[in-house]
Number of protein chains: 2
Amino acid sequence: MTSEQDKSQARGPIVLSIDAMGGDRGPATIVAGLAAFAQRNKQARFILHGPADQLTQLVEKRKLGKRVEIRDAQGVVSMEDKPSHVMRNGQDTSMWSTLDSVRNGEATVAVSCGNTGALMLLSMVRLRKLPGVNRPAIAVLWPSKNPQGFNVMLDVGADIRADADDLLKYALMGASYARNGLSLERPRVGLLNVGTEEHKGRAELKQAHELISEAAEGNNFEFVGFAEGGDIPGDRCDVIVTDGFTGNIALKTGEGTASLIGQFLREAFAYSPLSRVAALLALTSLKRLQARIDPRRKNGGVFLGLNGTVVKSHGAADATGVAAAVELAYDLAQSGFGDRLAARIASAASSAEESAAQAGAEQEKDGTDP
Amino acid sequence: MTSEQDKSQARGPIVLSIDAMGGDRGPATIVAGLAAFAQRNKQARFILHGPADQLTQLVEKRKLGKRVEIRDAQGVVSMEDKPSHVMRNGQDTSMWSTLDSVRNGEATVAVSCGNTGALMLLSMVRLRKLPGVNRPAIAVLWPSKNPQGFNVMLDVGADIRADADDLLKYALMGASYARNGLSLERPRVGLLNVGTEEHKGRAELKQAHELISEAAEGNNFEFVGFAEGGDIPGDRCDVIVTDGFTGNIALKTGEGTASLIGQFLREAFAYSPLSRVAALLALTSLKRLQARIDPRRKNGGVFLGLNGTVVKSHGAADATGVAAAVELAYDLAQSGFGDRLAARIASAASSAEESAAQAGAEQEKDGTDP
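A brief look at the structure comes next. (Residues numbered from 1 in each chain as written. Chains lettered and ligands numbered in written order. Predicted model: local features only at pLDDT ≥ 70, side-chain atom pairs only at ≥ 80, totals over all residues. Heavy atoms only, no water.)

**Structural notes on helix 3 (residues 52-61) of chain B**
All names here are of chain B.
Inference 1: Leu55, Leu58 and Val59 are the residues of helix 3 that are buried. Along the axis of helix 3, the buried positions cluster into a sector of 95°, meaning they face one direction only. Facing away from the buried side of helix 3 by over 90 degrees, the exposed positions are Asp53, Gln57, Glu60 and Lys61.
Inference 2: Check the buried side of helix 3 and you find it contacts helix 2 (27-40), strand 2 (45-50) and strand 3 (68-72).
Inference 3: A positive backbone phi angle near 55° is found at lysine 63, which sits one or two residues after helix 3. (Buried < 20%, exposed > 50% of the residue type's maximum accessible area, 1.4 Å probe, protein only. Helix = DSSP H or I, 4+ residues; strand = E, 2+ residues; numbered from the N terminus. Arc of directions from axis to C-beta. Contact = heavy atoms within 4.5 Å.)

**Looking at the pairing of strand 2 of chain B**
Residues and elements named next belong to chain B.
Inference 1: Buried residues dominate strand 2, accounting for five of its six residues.
Inference 2: Relative to strand 2, strand 1 (residues 15-19) runs parallel, the two being bridged by five bridges. Within strand 2, the position partnered with serine 17 by the bridge is isoleucine 47.
Inference 3: Following the chain from strand 1 across helix 2 to the adjacent parallel strand 2, one finds a crossover that is right-handed.
Inference 4: Taken together, the five bridges between strand 2 and strand 3 define a ladder with parallel strand orientation. Looking at strand 3, one finds that phenylalanine 46 is bridged to valine 68.
Inference 5: For the segment spanning strand 2, helix 3 and strand 3, crossover handedness is right-handed. (Pairing = 2+ DSSP bridges. Right-handed = clockwise from strand over helix to strand, strands pointing away.)

**Focus on the sheet that holds strand 6 (residues 150-154) of chain B**
All names here are of chain B.
Inference 1: Taken in spatial order, the eleven strands make up an open sheet running 3-2-1-4-11-10-5-6-9-7-8, and their pairing is mixed. For this open sheet the edge positions go to strand 3 and strand 8 (222-227), each flanked by a neighbour on one side alone. On average, each strand axis in the sheet is inclined to that of its neighbour by 25°, with strand direction left out of account.
Inference 2: Contacting strand 1, strand 2, strand 3, strand 4 (109-112) and strand 11 (309-312), helix 5 (residues 94-103) runs over the sheet at an angle of about 165° to strand 1.
Inference 3: Seen against the sheet, helix 9 (residues 244-269) touches strand 5 (137-143), strand 6 and strand 7 (188-192) and runs at an angle of roughly 30° to strand 5. (Axes fitted to C-alpha atoms, helices over the stretch in contact; angles between N-to-C directions.)

Structure below.
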C-alpha cells in the first residue's frame, strides 16, 4: 500500500476523494467549498462522489470540469442511519465510494461531511486499521494559547473506551500529526487527567503514563505527564491524549462555552444606544476576535490509525468550512503524513517487540545462569 | 440530627462555620470577604477557625467582634497535603475544627478555601454520608443560556467513579439544589453522554438512564434524557449529571476556554491605536460581559450527600470571591436545604425499597398462583 501511494504521488498531482453528499446543506455547498479551495490551489485534483446527474450540473456551473472526476453513487448516508446498517447495506452510497477511491490508491485522502459514526465504521472496514493500532482515533485542532495557535486533541469520539496501550498509540499518532500538521519538531504531549500529580486518576491512566513516558525519547516527542482540562486550550502542551468519551465531552463543552460567551458579548453590546455605538467602533476588533475563534478556520477531525487518511468535516459546514476541510486534507496529503504515521507506528511496534523479546531473553538468561 | 438543626434554627440567627486558613491568599483575605458579606447581611453569625492570635487582630480591624466567635486551631492543611495524611493527623487543623462545628450542630453550613481532596475526605469522615448515598458529589453553578443564568452540574470531582445508582442520587441531589439554590420548581435534569440517542454510551449510563427516568415523576423533576457537552452552558436542561472524572475535565475545559477567549479579546482590542480607542468606548459593554462570566460571582462548589452542607470556595478566591461563597452558604442554610435534601434522599430510598418489596411480593404471588 505504502509503495503504491509513493508511486502515485510521484506520478502526478495530489488527488483528493470528496463525498458530495451527507452534509446538512447538500451537495451545492460541498461543490462551492471545493471550488473555493480549487481557486487558491491550482495543482490538486478531485474525485467527487454522488448522483452523477446532480453533480455534473454543479461542477459545470463552477467551471471545475477539468479538475474533477465525477463518480456516480446514488445512495446517501443520512445523519440518522445506524453505522452497522450502513456497513451492511451501504455499498451504493457516496460515502462508501469516497473511501474506496483511497482504498484503491486512486486518491490519497478522503473528505466527508457525513454521519461520523458511519464514516468511522466504514473507514475501519474499507481501509482497515494500521498494524499495531487497536482503536483508531479522531483528532482535532483546538484553538490554544500556544504560538502555533492550535493544539492537537485526540480521541474526540471514535471510541468511548481506551486502554493504556490505545492511549500510547494516541500519543504517537498525535505527536506525528503535530509534527506534520503544525510543523512542531518535538511536540509536547500531555495525558488528560483530573490532576497533575502522578498518583491521581484511574488505573489505565497510571499505566499509560508509564508507557508514554518510556516511548517519548525514541519517538521524538516530550512527555509533560498528566494534563488538566485547562491545558487543552493552554500552552503547557501541544498534544492532549484522552479516551473518546472524555474527549468528545470536552470538545462539545468548549464549543458550548465559546457560543455562550459569544451570545453574552452580543448582548453586552446591544444593551443601550451608547453601547451600540461602541459596538460599531469596536467592529474591527470584534471581527478580529471572531476570526481567531471561528471553528470554520480549522474545520475537520482527522481519522488516525487507518491505512489512509480521512478528514471528517462538520456536518453543518458552509462553503468556507468545506474549503478548510479540503485544504487540511491537501496539506496532510502533501506532507506524506499517512506514510510517516504508518512508519512511526510500525517502528514503535517493532521496538516494543524487540524490548519484549530482549526482556524475555534476559529473563531466560537469569533463569539459566543464577 | 434533623430535629436538632430545626431547633437550633428556631432558636436564633443562622450560624456559619468558616475556615480562615488554607486559601492561597491567607486569612486576611478570608476575613475581608467575611466582612464584605457581613455588611450586606446583618443577621448572620460566624464561627471562625484558625490561629486565635492572628484572627483576633483581623476581626478587630474589621469591627466584626460581636458577630464572630473565634475558635483557636493552630494547624493548617496545605494544598500539597495528601488527604489520607490529613485524615489521620489533622485533628489540630482549622479545617477539622470548621467541620466539627457543623457536626456538633453549632453551625448549619461550613465554608473553606482549602485543599479540595482533604476537605472532601474529612467531610465524609466527620459529617458522614447521608443514609442511601454511597458517593457524595461536588456541585457547581455553571453560567448558562437559561433564564436563571446558571445550570447545576455535578459531580465535578468528589470521586472519579460513579455507577448507575450514584448517578441516580446525583440527579436527586442536583434537582434538590436547583430547587433551593436557583428557585426552579421542576428542574430539567440531563445525563451527560457522547450523544443524545438512547443506544449510545457506556453500560452504566444506559442503566442510569432507566433509573433516573423512573425516579423523575415521584421526585418532582423532569428528565430530558442524555445531554451533551454543549448542553452544560446551554438551555436544554437545568441540571447536568455526570461522574467526577468527566465533570472535572468539563469544568476545567470550560474555564480554560473562557480564559482563552478573554485573552484573544484583550489582544483584539490592543491590536492598533484605533482599536485601543474603540476599547475605551466599549469599556462599559466589556465590563458588562466580564461581570456575567466572572467566576467570582458564583464562587463555591457545594458538597452534597453528607449530614451537613459544605461550601468549597476556590483556593485563589479574593475577598469578592470569599464573600460570594459565604453568601451561597447563607442562602442554602436559610432555605433549609440540608434538611430538604436529606428528606428527599430518604424518601427516594424508602420508595425504592417499597417498590422492590412490592416487586418481590408480586413475584412470590406469581410463583404460588400460576
